[in-house]
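# Examining the three-dimensional arrangement
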Amino acid sequence: MKKIVVLVSGAGTNLKALIKAIEKNKIKNGEISLVISSNEKASALAIAKEHKIKTLVISRKNFNSKEDYQAELFLKLKEENPNLIVLAGFLQVISKEIVDFFENKIINIHPSLIPSFCGDVYGIKVHEAVLKKGVKLTGATVHFVNEKADDGPIILQKSIKVKETDTPETLQDRVKKKVEWKILPKSVNLFCLDKISIKNNKTFINN
Ligand code: GRF
């Protein structure tokens, strides 16, 4: 059974999708051992507690520097020793040290079709940028994490149509419901079943 740590900062709807998928056996061979939040007020913490999952808050404001914060996060991750780390709306940067130590064991979900609308934009700003540009399709991407933002090998992507009547909020809502809550659990399942391999910075799904 793969041990999964989920890192969150906000609403936790993707965390909920993962928990549900595990309960319904749509994620096989995986269990969430710990949820770490960078924000003590994150609703994600309540979701984890409801499901009797261990939680830990590492709040950025309790550390003097980004480096001290990352060192504490690294320590806790090493202590937990997970097989997989899922960034599900985690708003802190993951240090190169963490990325190197957990090489190809950290995945992230980004609410756009990478390489569009990524790198320096996150959250609702992604959907604002999508609407500003007037692209007709958007979606989300699950990818491995490397030292650059939203850059690692892509695991799964799925698109939806942008509607003329969309606001950033309606689009964010639809991308979460129709895309994120599906491709994140699917990717975690593939990982837990050892079905993802990486070659030349690309993933291959072995069926
Ligand atoms: C999601 O849109 C995810 O793609 C992004 O952060 C958001 C987290 O949402 N990385 P939630 O906390 O899972 O509802």
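A short tour of the structure in this document, coming up. Keep in mind that this is a model prediction, so the values were computed, not measured.

Counting its secondary structure elements, the protein chain contains 6 helices and 9 strands. For the protein chain, the C-alpha radius of gyration of 16 Å lies close to 17 Å, the compact-globule estimate for 207 residues. Considering only C-alpha atoms, the protein chain reaches an extent of 50 × 45 × 35 Å along its principal axes. In the protein chain, buried positions account for 46% of the 207 residues.

Okay, the site of the ligand next. What surrounds the ligand is the set Gly 10, Ala 11, Gly 12, Thr 13, Asn 14, Gly 89, Ile 109, His 110, Pro 111, Lys 176 and Glu 180. At 2.8 Å, a backbone N or O of Ile 109 approaches a nitrogen atom of the ligand. In the complex, 88% of the free accessible area of the ligand, which totals 370 Å², lies under the protein chains. Looking at the shell around the ligand, its residues break down into 3 nonpolar, 6 polar and 2 charged.

What follows concerns the pattern of salt bridges. Taken as a whole and assessed by the stated rule, the structure comprises 9 salt bridges. Between Lys 61 and Glu 40 there is a salt bridge, and its shortest N-O distance comes to 3.0 Å. Of this pair, Lys 61 sits in the loop between β3 (55-57) and α3 (66-80) while Glu 40 sits in the loop between β2 (30-37) and α2 (43-50), placing them 21 residues apart in sequence. For Lys 61, a relative accessible area of 61% corresponds to the exposed category. One salt bridge connects Lys 76 with Glu 72, and the closest N-O pair in it is separated by 3.8 Å. Of this pair, Lys 76 and Glu 72 both sit in helix α3, 4 residues apart, which is roughly one turn of that helix. Classification of Glu 72 by relative accessible area gives partly exposed; the value is 24%. One network of salt bridges, in which partners are shared, links Lys 3, Lys 54 and Glu 80.

Its place among the elements puts Ala 11 in the loop between β1 (2-8) and α1 (13-23). The class for Ala 11 is partly exposed, based on a relative accessible area of 41%. Each C-alpha atom of the pair Ala 11 and Leu 45 lies 8.7 Å from the other, and the pair is 34 residues apart in sequence. Apart from residues lying up to four places away in sequence, Ala 11 is in contact with Ser 43, Ala 44 and Ile 47.

The next subject is the packing of aromatic side chains. One pass over the full model with this rule turns up 4 aromatic pairs. Plain terms: the ring middles of Phe 63 and Tyr 69 are 5.6 Å apart, the flat faces sit at 90 degrees to each other, and that makes the pair edge-to-face. For Phe 63, a relative accessible area of 22% gives the class partly exposed. Geometrically, the ring pair formed by Phe 74 and Phe 101 is edge-to-face, given 5.4 Å between the ring centres and 75 degrees between the ring planes. Residue Phe 74 is found in helix α3, and its partner Phe 101 is found in helix α4 (residues 96-101); the two are separated by 27 residues along the sequence. A residue is classified by how much of its surface remains accessible, and Phe 74, at 8% relative accessible area, is buried. The ring of Phe 74 is capped by Lys 78, whose NZ or CZ atom sits 4.0 Å from the centre of that ring. Here Lys 78 stacks its cationic end above the ring of Phe 101, 5.8 Å away from the centre of that ring.

Next up on the list: α2. Each turn of an α-helix holds 3.6 residues, which means side chains three or four residues apart point in the same direction. Buried residues of α2: Ala 44, Leu 45, Ile 47 and Ala 48, and no others. One face of α2 carries all of its buried residues, which in axial projection span an arc of 160 degrees. Facing away from the buried side of α2 by over 90 degrees, the exposed positions are Lys 49 and Glu 50. In the stretch just after α2, Lys 52 is the one whose phi turns positive, near 60 degrees.

Moving on to helix α6 (residues 168-192). The end-to-end C-alpha distance of α6, which contains 25 residues, comes to 33 Å, matching closely the 36 Å that a straight helix rising 1.5 Å per residue would cover. Among the residues trailing α6, Asp 194 stands out with phi positive, at a value near 60 degrees.

Cut-offs applied
- Residues numbered from 1 in each chain as written.
- Predicted model: local features only at pLDDT ≥ 70, side-chain atom pairs only at ≥ 80, totals over all residues.
- Heavy atoms only, no water.
- Helix = DSSP H or I, 4+ residues; strand = E, 2+ residues; numbered from the N terminus.
- Rg over C-alpha atoms; globule rule 2.2 N^0.38 Å.
- Buried < 20%, exposed > 50% of the residue type's maximum accessible area, 1.4 Å probe, protein only.
- Near = heavy atom within 4 Å.
- Polar contact = N/O pair within 3.5 Å; in protein donor to acceptor, adjacent residues only side chain to side chain.
- Areas by Shrake-Rupley, 256 points an atom, 1.4 Å probe, with all protein chains shown as cover.
- Nonpolar A, V, L, I, M, F, W, Y, C, P; charged D, E, K, R; others polar.
- Salt bridge = Lys/Arg side-chain N within 4 Å of Asp/Glu carboxyl O.
- Contact = heavy atoms within 4.5 Å.
- Phe/Tyr/Trp six-rings, centres within 6.5 Å; stacked < 30°, edge-to-face > 60°.
- Lys NZ or Arg CZ within 6 Å of the ring centre and 35° of its normal.
- Arc of directions from axis to C-beta.
- Expected span 1.5 Å × (residues − 1).

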